[in-house]
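What follows is each chain in one-letter form.
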Amino acid sequence: LRQKARELAKHRKQLPIFSARETIIKEVKDNACVIIVGETGSGKTTQIPQYFMEAGLSAHGTIAVTQPRRVAAINLAKRVAQEVGTTIGNQVGYSIRFDDTSSKGTKIKYMTDGIMLRELLSDRLLLNYSVIVLDEAHERTLRTDILFGMVKSIQKQRAEMIEQGKKGIEPLKIVVMSATLDAEKFSAYFYNAKIMYISGRMYPVKVLNTIEPQSDYVDAALVTAFQIHQEETAGDILIFLTGQEEIENLEKLIEEYSVDLPTRFGKLIPCPIFAAQDSATQQKIFEPTPAGCRKVILATNIAETSITIPNIRYVVDTGCHKSRGYNAKIGIESLLIEPISKSSARQRMGRAGREAPGLCFRLYTEDSFEQLEEDTVPEIKRCNLASAILALKASGVEDVTKFDYMDRPSKSGLLKSMEQLYALGALDDKGDLTEMGKKMAGFPVDPPYAKVLLQSEVMECTKEAIEIIALLSVDTIFTFPSNKREEANEARQKFLSLDGDHLSLLNVLRGYESVKGDRDWCRENFINGRHMRHVLEVRKQLIEFSERAGINPRTSCGHDYEIVLKCFLAGFFQNAALLQPDSTYKAVVGGLTVNIHPSSAMFGKKRAAIMYNELVFTTKHYIRGVSAIEASWLAQAAPKYFGQRQA
Ligand code: ADP
Ligand code: MG
């Protein structure tokens, strides 16, 4: 270990940031907040925390470094442990959901923003920490935005306590870091914090757009990779894709096509990087390319600014990303593929010019580039705030409307989310957190789902509740190939429950498990096997979580499925609708006319009352994830809500 660290010491001294070492240490000692902007790969994330430790800033607490992505937190912690000359979990550790390697002796801790927020529940003043480094600040996730305000307030509280002569309290330092950032805006928010720019090395990168829009960017990426391999000089290729599924597809395609390539071109070696991967495989991307070969790195936007990969001369940008780690549907993992922003596109391009002049192939037209948003819209401006409010309240913020937001969410959005939390029983009449709300705050899913899980303990149907939540976390379980619509429809019939989608989904899971996830079975039944495997992964996470929260995940209601629907209604009573004399459905709350989506098991059926999971607007308001309920269940599901309305 020591030997390896000694070797790496040379590398550390060659990084662009090294020449700014003394200045950075001095500025952070002299100032409460510092903003550091520096080119990706200059050494911010791996070096700065070490500088702080070497300068003694970890004497009174751990140095925390927050990351929006789990893979980055793990990967960076491992690298830094090596540089320090230790194994993970000693001076250097990481903490992500369901995996905490930090210990008492940990001086530098890489963690996800979600874990840092959870930390606030047990350590209100973050007294375990001396420095909070908010890394990748430009990503503006909902959680990071909430953290901005929280750490600012904590810093102030600690400063006041010190002024009052309280013993054992030390000041909290805040460091905000990014490769690309509206530094003035951040500085204004963090009390006119000092801004430091770290100059990196950058070579020119030539950008090439496609002339026509591409209908299948994975296919286009494949063609482009082979073109580069045959026509361009040495240097590795980095392809930006949106997720594991695409990455694995392309990896397979590259391997297949490589077989036909004349040997004089050398081998094209695909190197995937994504979350669910063992670290030895991940480390491969950092190893030197064998002579005569060319590596092609297949990455998500983790390679945009979080992790720097050496020797890249060619970037292939698909123009898309998956909105990070957040599933707007249930608050677990996101599956939404969206166009990136201009600033992301520029970052991706930059990855080709770190060591020599490079080329960037954009698999979209120049016009499409012009139409991209300048920056990614902060999540706080576009998602449901119930989970954020719950986190704030649980951390002691009483008036969430007065919270110090960097970008303020709309007042109506806040109030609507507050009302929802009240109805769920998470807040009381005064808007204070209830016991139930406290429990919900600790759950890794959005409040309505947290409520379903809590309610499932009371109703003794936790097993089924967990399974249905996992099933709802993916877009669709059934596939409908356009050339086999009838067959697909027929196959689907055998899973359908008269009571709607929740129980139909459960039937699919039962069938899938009875054949142990057999691929042929999936194909014959038009079931999306990849999505089913994701469902099992989410279920596993939820089971582990329930166990930790003291809820037995094996409690089952057997075949008494009415209980499960009642349980879901406790979280989704706001999504109930009643059949009208003219055969339309009208939402109980808000009175909107809603239409059952053709993909639903309830499509074309008339039941007096229904509930749904999701509302989508295309040409009309469609509802998905629909099940039949009884109108009389409503008062019981949400006494506060419906009791009050009647009064
Ligand atoms: P920044 O945060 O400024 O983008 P980093 O501190 O992440 O930069 O990386 C600094 C350098 O360390 C990069 O040039 C990168 O190549 C190298 N590096 C980072 N992680 C690893 C790793 N796991 N293996 C090998 N080299 C790494
Ligand atoms: Mg970094």
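Shown above is the structure to which this text applies.
Rules and cut-offs
Residues numbered from 1 in each chain as written. Chains lettered and ligands numbered in written order. Predicted model: local features only at pLDDT ≥ 70, side-chain atom pairs only at ≥ 80, totals over all residues. Heavy atoms only, no water. Near = heavy atom within 4 Å. Polar contact = N/O pair within 3.5 Å; in protein donor to acceptor, adjacent residues only side chain to side chain. Areas by Shrake-Rupley, 256 points an atom, 1.4 Å probe, with all protein chains shown as cover. Helix = DSSP H or I, 4+ residues; strand = E, 2+ residues; numbered from the N terminus. Nonpolar A, V, L, I, M, F, W, Y, C, P; charged D, E, K, R; others polar. Buried < 20%, exposed > 50% of the residue type's maximum accessible area, 1.4 Å probe, protein only. Pairing = 2+ DSSP bridges. Core = buried A, V, L, I, M, F, W, Y, C linked by side-chain atoms within 4.5 Å. Contact = heavy atoms within 4.5 Å. Salt bridge = Lys/Arg side-chain N within 4 Å of Asp/Glu carboxyl O. Axes fitted to C-alpha atoms, helices over the stretch in contact; angles between N-to-C directions. Parallel < 35°, antiparallel > 145°, perpendicular 65-115°, else oblique. Left-handed = near helix turned anticlockwise from the far one by under 90°. Phe/Tyr/Trp six-rings, centres within 6.5 Å; stacked < 30°, edge-to-face > 60°. Lys NZ or Arg CZ within 6 Å of the ring centre and 35° of its normal.

The next thing to look at is the site of ligand 1. Near ligand 1 there are 18 residues, and of these Gly-41, Gly-43, Lys-44, Thr-45 and Thr-46 occur at the shortest range. At 2.8 Å from an oxygen atom of ligand 1 is found a main-chain nitrogen or oxygen belonging to Lys-44. Note that a nitrogen atom of ligand 1 is positioned 3.3 Å from one of the side-chain N or O atoms of Arg-79. Relative to its unbound accessible surface of 570 Å², ligand 1 loses 93% to contact with the protein. Counting only elements with at least two residues in the shell around ligand 1, the list comes to α3 (44–54) and α4 (70–84). Partitioning the shell around ligand 1 into residue classes produces three nonpolar, 11 polar and four charged.

Here strand β3 (residues 92–96) lies mainly inside the structure; five of its five residues are buried. Residues Val-92, Tyr-94 and Ile-96 point to one face of β3 and Gly-93 and Ser-95 to the other, with burial holding for every one of them. Relative to strand β5 (residues 108–112), β3 runs parallel, the two sharing four bridges. The residue of β5 that forms the bridge with Val-92 is Ile-108. Judged from the two bridges that link them, β3 and strand β4 (residues 99–100) form a sheet pairing that is antiparallel. Note that in β4 the partner of Ser-95 across the bridge is Asp-100.

What follows deals with the nonpolar core. Grouped together as the largest cluster of nonpolar side chains are 108 residues, with contacts concentrated most on Ile-132, Leu-134, Phe-186, Phe-190, Ile-477, Ile-527 and Phe-568. When residues of this core are assigned to their parent elements, the largest contribution, eight residues, is made by helix α6 (residues 142–163). Each residue touching Ile-132, except ones within four places of it in the same chain, is listed here: Ala-64, Met-116, Leu-126, Val-151, Leu-172, Lys-173, Ile-174 and Val-175. Of all hydrophobic cores here, the second largest spans 51 residues; its members include Ile-17, Ile-108, Tyr-110 and Ile-309.

Glancing now at helix α5 (residues 113–122). Counting buried residues in α5 gives seven out of 10 residues, a clear majority hidden from the surface. In this fold, the buried residues of α5 make contact with β2 (62–67), β3, β5, β6 (129–134) and α6.

Enumeration according to the criterion identifies 30 salt bridges in this entry. Of the charged contacts, one joins Asp-30 and Lys-26 as a salt bridge, the two residues approaching to 2.8 Å between their closest N and O atoms. Residue Asp-30 and its partner Lys-26 are located together in helix α2 (residues 21–30), separated by four residues, close to a single helical turn. Across the pair, Lys-26 and Asp-30 agree in class, each one exposed. Between Lys-566 and Glu-562 there is a salt bridge whose closest N-O contact spans 3.5 Å. Remark: Glu-562 and Lys-566 occur in helix α23 (residues 561–572); sequence separation between them is four residues, near one turn of the helix.

The description of two helices packed together rests on the angle between their axes and the distance between the axes. Across the interface, α2 lies against α3 with an axial gap of 10 Å and an inter-helix angle of 65°. Taken together, α2 and α3 sit at an angle that is classed as roughly perpendicular. Judged by the sense of rotation from one axis to the other, the crossing of α2 with α3 is right-handed. For the pair α2 and α3, the contacting residues are Arg-21, Ile-24, Ile-25 and Val-28 in the first and Ile-48, Tyr-51, Phe-52 and Glu-54 in the second. Of the residues in the contact of α2 with α3, the class split is six nonpolar, no polar and two charged.

Attention shifts here to the packing of aromatic side chains. Under the definition given, this model contains 12 aromatic pairs. Joined through ring pairs, the aromatic side chains of Phe-148, Phe-186, Tyr-189 and Phe-190 make up one cluster. If you follow Lys-152 out to its NZ or CZ, it ends over the ring of Tyr-189, 3.9 Å from the centre. Positioned above the aromatic ring of Phe-369, the side-chain terminus of Lys-342 is 5.9 Å from the ring centre.

Here we take up the environment of Glu-464. For Glu-464, the position within the fold is in helix α18 (residues 462–472). The exposure class of Glu-464 is buried, given its relative accessible area of 2%. For the pair Glu-464 and Gly-558, spaced 94 residues apart in sequence, the C-alpha separation works out to 8.8 Å. Residues in contact with Glu-464, not counting those within four places in the same chain, are Leu-506, Arg-510, Thr-555, Ser-556, Cys-557, Gly-558, Tyr-561 and Val-564. At 3.2 Å, the side chain of Glu-464 forms a polar contact with the backbone nitrogen of Cys-557.

A word on the sheet that holds strand β13 (residues 312–317). In spatial order, the strands read β9-β16-β13-β10-β12-β11; together these six strands make up an open sheet with parallel pairing. Strands at the two margins of the open sheet, each flanked by one partner only, are β9 (205–209) and β11 (268–273). If you compare each strand with its neighbour and ignore which way they point, the axes differ by 20° on average. The sheet contact formed by strand β10 (residues 236–240) and β13 spans five bridges and is parallel. Counterpart to Phe-240 in the pairing with β13 is Asp-317. Packed on one face of the sheet, helix α9 (residues 244–258) meets β10, β11 and β12 (294–299) and runs near 170° to β11.

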